[in-house]
Amino acid sequence: MGDRPALEDHLVTHDTRAMLGWLSEETNHVAWREFHEHGRTLLVANANRTAAERLLGCDIIFYNVSRHSLVLVQYKKLDAERGGFYYPNGDRNLAKELVRMKSLDRYAAMQAGPGDEQRLDPSPSWIKLCHPRSVLPHTTEMIHGMYFSRRQFESLRDDARLKSEKTGAVRFGYKNVPGYLDNTLFARLVETGQIGTTGTSTDLVRQQVIRSFRGKRNLVFAALSGEEPPQAKRNAQRREAR
């Protein structure tokens, strides 16, 4: 079995089943898998190409219950046959997906309130550019890739467009992207609730996710729950008291 480039759908499927350092088990739903680590539970289900993606512009959704945050990730594959780059101008789906992601980010921002928990980035929409390899040395690891917030991705793309008049096609890759989050950093920020929606925006976006999940069987949904940190408990109590 050779190391041929993997399909993007397969990369999404793999990442919903591989969490390094987490114990996992099957659930009573074929689309879902349950992960455990330090008293927390992570539920992951594969729903690529479903109503959730068409509605929210994402492939995977992370819901951190204890920190009450949602992070939504759209997957894109680096092109192994073209130097290991992703070419946004050649992706006919990207424009529509970015419109949906931008609308969701704007919607979440409109619902934010002064008493909400602070995030490093409160926008829910992210993009992951995945390594195209189909053979992995460690099957419990997520696919290697680069994570960008939707806003960062668009900013890098727009800057590249200005430069492309001299240098050629707009492209993203390990060789030319100045900064990104890897699997470890991204997972840590999701786990600690440092990125993603907050307050009422989480409630409203979560309702959209639930509606999509109930309407389609293949939603990719992740819920991270567990013991609430003392500060998070205090924040939750203040929200309930309002």
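Conventions we followed
- Residues take numbers from 1 onward in each chain, read along the sequence in its written order.
- Local features in this predicted model are restricted to residues whose pLDDT is 70 or higher, and side-chain atom pairs enter the listing and the counts only when it is 80 or higher, whereas totals over whole chains, interfaces and linings include all residues.
- The basis for every side-chain value is the complete set of heavy atoms in the structure, and neither hydrogens nor water enter the calculation.
- Side-chain atoms within 4.5 Å link the members of a nonpolar core, which is a set of buried Ala, Val, Leu, Ile, Met, Phe, Trp, Tyr and Cys residues.
- The cut-offs for exposure are 20% and 50% of the maximum accessible area for each residue type, with area from a 1.4 Å probe on protein chains only; residues under the lower value are buried, those over the upper are exposed, and the others partly exposed.
- In DSSP terms, a helix is any run of H or I states spanning at least four residues, a strand is any run of E spanning at least two, and both are numbered starting from the N terminus.
- Residues adjacent in sequence count toward polar contacts only when both atoms are side-chain atoms; beyond that, a polar contact is any pair of N or O atoms within 3.5 Å, and within protein one must be able to donate a hydrogen and the other to accept it.
- Here, a salt bridge means any side-chain nitrogen of Lys or Arg that lies within 4 Å of a carboxyl oxygen of Asp or Glu.
- Pairing of aromatic rings covers Phe, Tyr and the six-membered ring of Trp, with a centre-to-centre limit of 6.5 Å; geometry is then stacked below 30 degrees between planes, edge-to-face above 60, and tilted otherwise.
- Each helix should span, by expectation, one fewer than its residue count multiplied by 1.5 Å.
- Here the arc refers to the directions that run from the helix axis out to each C-beta atom.

Here we look at the nonpolar core
V71, V73, Y75, W126, Y147 and F186 are the most contacted members of the largest nonpolar core, which totals 17 residues. Going through the elements one at a time, α1 (8–15), β4 (60–64), β5 (69–77), β6 (125–130) and α5 (183–191) are the ones with two or more residues in this core. Y86, I127, L156 and F172 belong to the second-largest nonpolar core, a separate cluster that totals 13 residues.

Quick notes on the side chain of H68
As for its position among the elements, H68 is in the loop between β4 and β5. You can call H68 buried: its relative accessible area is 13%. In this structure the side chain of H68 is engaged in a polar contact, spanning 2.9 Å, whose partner is the side chain of D203.

Observations regarding the pattern of salt bridges
As enumerated under the stated definition, the model contains 9 salt bridges in all. In this structure, the salt-bridge partner of D105 is R150, at a minimum N-O distance of 3.0 Å. Pair noted here: D105 is in helix α3 (residues 94–111) and R150 is in helix α4 (residues 150–167), with a separation of 45 residues, a long-range link. For D105, a relative accessible area of 5% puts it in the buried group. Here R150 falls in the buried class, since its relative accessible area comes to 10%. For E154, the salt bridge identified is with R157, shortest N-O distance 3.8 Å. With E154 and R157 both in helix α4 and 3 residues apart, this pair spans about one turn of that helix.

Section: the packing of aromatic side chains
Tallied over the entire structure, the rule returns 9 aromatic pairs. Plain terms: the ring middles of W126 and F186 are 5.6 Å apart, the flat faces sit at 65 degrees to each other, and that makes the pair edge-to-face. Of this pair, W126 sits in strand β6 while F186 sits in helix α5, and the two are 60 residues apart along the sequence. Every member of this aromatic cluster is reached through a ring pair, and the members are F62, W126, Y147 and F186.

Considering α3
Taking 1.5 Å per residue, 18 residues should reach 26 Å; α3 reaches 26 Å between its end C-alpha atoms and fits that length. Of the residues making up α3, those classed as buried are L94, E97, L98, M101, L104, D105 and A108. Taken end-on, α3 shows its buried residues confined to a sector of 125 degrees, consistent with a single buried face. Every exposed residue of α3 that faces more than 90 degrees away from the buried side is listed here: A95, V99 and M110.

Here we look at the side chain of E117
Position of E117 relative to the elements: it lies in the loop between α3 and β6. With relative accessibility at 8%, the residue E117 sits in the buried group. A distance of 3.5 Å separates the side chain of E117 from the side chain of R119, its partner in a polar contact.

These results come straight from atomic positions and should not be treated as a statement about function.
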